[in-house]
Amino acid sequence: MFKDKNVIITGGAGFIGSYLARKLISNGANVTILDNFSTGNIDNLKDIKDKIHIIRGDIKNYDVVLNALSGQEIVVHEAFPYAKVSQSLEEQFIEDNFIGTFNILKASVYCNVERVVYASSVAVYGQQQYLPIDEEHPKNPRYPYCVSKYASEKLCSSFSTSYGLTTVSLRYFNVYGPFYTNLDHSAVLTFCKRVIKDKPPLIYGTGDQLRDYTYVEDVVDGTLKAMYKKIKPGDVFNIGSGKGVKIIDLAKKIIDISGKDLMPKFADESEYRYFDKTFPWGITDKVDGKYIDTRSFVADISKARKILDYNPKTNLEDGLKITFDWVKNLKGFVKSQRLINSMQNT
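Residues numbered from 1 in each chain as written. Predicted model: local features only at pLDDT ≥ 70, side-chain atom pairs only at ≥ 80, totals over all residues. Heavy atoms only, no water.

Points about the nonpolar core
Going by this rule: Definition used in this section: a nonpolar core is a set of buried Ala, Val, Leu, Ile, Met, Phe, Trp, Tyr and Cys residues joined via side-chain atoms within 4.5 Å. Three labels apply to residues, based on accessible area from a 1.4 Å probe with only protein chains included: buried if under 20% of the type maximum, exposed if over 50%, partly exposed otherwise in between. Residue contacts are defined here by distance: any two heavy atoms, one from each residue, within 4.5 Å place the two residues in contact.
Among the nonpolar cores identified, the biggest contains 72 residues, and Ile9, Leu24, Val31, Tyr213, Met227 and Leu250 are the most heavily contacted of them. In contact with Val31, not counting residues within four places along its chain, are Val7, Ile9, Ala21, Leu24, Ile25, Ile52 and His53. Of all hydrophobic cores here, the second largest spans 20 residues; its members include Val75, Cys111, Val113 and Cys156.

Some thoughts on the sheet that holds strand E3 (residues 53-56)
This is how the line gets drawn: At least two bridges found by DSSP between two strands is the condition for calling them paired. Helix and strand labels come from DSSP, where a helix needs a run of H or I of at least four residues and a strand needs a run of E of at least two; each type is numbered from the N terminus. Every axis corresponds to a line fitted to the C-alpha atoms, with the helix fit spanning only the stretch in contact, and the corresponding angles, defined between N-to-C directions, vary from 0 to 180 degrees.
Taken in spatial order, the seven strands line up as E3-E2-E1-E4-E5-E6-E11 in an open sheet, and their pairing is parallel. Bordering the open sheet on either side are E3 and strand E11 (235-239), each of which pairs with just one other strand. With strand direction ignored, the average angle separating the axes of adjacent strands in the sheet is 20 degrees. Against the sheet, helix H1 (residues 15-26) touches strand E1 (6-10), strand E2 (30-35), strand E4 (74-77) and strand E6 (166-172), its axis set at about 170 degrees to E1.

Examining helix H9 (residues 316-328)
Rules: Helices are assigned an expected span. That span is 1.5 Å times one less than the residue count. The definition of a polar contact used here is a pair of N or O atoms within 3.5 Å, where within protein one atom must be able to donate a hydrogen and the other to accept one, and adjacent residues in sequence count solely through side-chain atom pairs.
When the terminal C-alpha atoms of H9 are compared, their 18 Å separation across 13 residues agrees well with the 18 Å that a helix rising 1.5 Å per residue should span. Along H9, the positions that sit buried rather than exposed are Leu316, Gly319, Leu320, Ile322, Thr323, Phe324, Asp325, Trp326 and Val327. Two or three places before Glu317, at the opening of H9, Asn315 has a side-chain oxygen 3.2 Å from that residue's backbone nitrogen.

So, the packing of aromatic side chains
The cut-off we apply is this: Between rings of Phe, Tyr and Trp, where Trp is taken as its six-membered ring, a pair exists when centres lie within 6.5 Å; planes separated by under 30 degrees are stacked, by over 60 edge-to-face, and by other angles tilted. Sitting over a ring, as applied to charges here, requires NZ of Lys or CZ of Arg to be within 6 Å of the ring centre and within 35 degrees of the ring normal.
Taken as a whole and assessed by the stated rule, the structure comprises 13 aromatic pairs. Ring geometry for Phe2 against Tyr228: centres 5.8 Å apart, planes inclined by 80 degrees, an arrangement best described as edge-to-face. With Phe2 in the segment before E1 and Tyr228 in the loop between helix H6 (216-226) and E11, this residue pair connects regions lying 226 residues apart in the sequence. Given the relative accessible area of 3%, Phe2 is considered buried. Taking relative accessible area as the criterion, Tyr228 reaches 33% and is therefore assigned partly exposed. Taken together through their ring pairs, the aromatic side chains of Phe15, Tyr19, Phe179, Tyr180 and Trp326 make up a single cluster. Its end group placed over the ring of Phe179, Arg22 keeps NZ or CZ at 5.7 Å from the ring centre. Above the plane of the ring of Phe237 lies Lys303, whose end atom (NZ or CZ) is 5.0 Å from the centre.

A word on the confidence of the model for the protein chain
The following threshold applies: Each residue carries a pLDDT score, the predictor's own confidence in it, on a scale running from 0 to 100.
Per-residue pLDDT for the protein chain averages 91, and the proportion of residues at 70 or more is 89%. Segment residues 331-346 is flagged for pLDDT under 50; beyond a separation of four residues in sequence, or across chains, it makes 21 contacts in the model.

Let's talk about helix H7 (residues 247-258)
The first and last C-alpha atoms of H7 sit 17 Å apart over 12 residues, in line with the 16 Å expected at 1.5 Å per residue. Within two residues after H7, Gly259 carries a phi angle of roughly 75 degrees, on the positive side.

Quick word on the side chain of Lys149
Operational definition: None of His or the chain ends enter the tally, which takes Lys and Arg as positive and Asp and Glu as negative. One side-chain nitrogen of Lys or Arg within 4 Å of one carboxyl oxygen of Asp or Glu is enough to make a salt bridge.
Take Lys149: it is sitting in helix H4 (residues 144-163). The charged side chain of Lys149 is buried without a salt bridge, its nearest counter-charge being Glu78 at 7.3 Å. Aside from chain neighbours lying at most four places away, what touches Lys149 is Phe80, Asn97, Tyr118, Ala119, Ser120, Ser121 and Val124.

Structure representation (structure tokens):
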């Protein structure tokens, strides 16, 4: 279905975008990457760089976007410096997200693009009201960048309603796997790094908070299907594993994979990361003098299963083993790719 299709990926040198580019190339697509390389890495594309067209440019610049989208049939909008986001007011990247998304959508209308797939986030939900979280769950995004993600979803649906542009927004849950940017603040990456250095994983809060860790190959599969499956324009889908794991159990799994004699460590106040006038990173409240994270995220993926035929296949243990190996081997592409290939062939 992608043979000779012209597809542009914004943020295509990043974590998910580079996987997507590789998959599209293998399916015969003509792939263009638009990236400003603020967090994207050209090394993520080194094995396919001769098979793709790379444009270095910023989505906040409309003229750059308009030129890049000329002749494109499908846009996958992944560009957002998520790895740099924190609770700091200086690191919310509202312009990158909202203005950048508006530029993408506006140019898509003028360039007669067939479909725009927008990478949104679980962050639009905020504090959970119930689990698992379905697409109708109340939206109460906690931080400004989360609000901009939700606002960009609304931009997508408005362009579908008002300008006839087919859009679809995907709410990615906690994506993990090889080729994480080194800046990423995911618990999987930070736990792996600490364990490799013989340091215990550092737990913020009680460790009982749930997260839905979804292997990057499964996220890419869901994204690919959103590019061609019949959908209602402006629709939204959760893309996750559908399974939750406690952060404390995630830490223990990574220790087990390492084979090291370590135990998770609960952070004391000196080990928290503080930003502006808010709770430390990863914390939502303080009860009886102790920091806690009251948020839990587990995706209800029944809608994506039904409409997109989305079916995540990678169990957490297998995905963590591959990711741990990649982190351990700083240039771990060859060995990790061997493991990935062996999984895909089983």
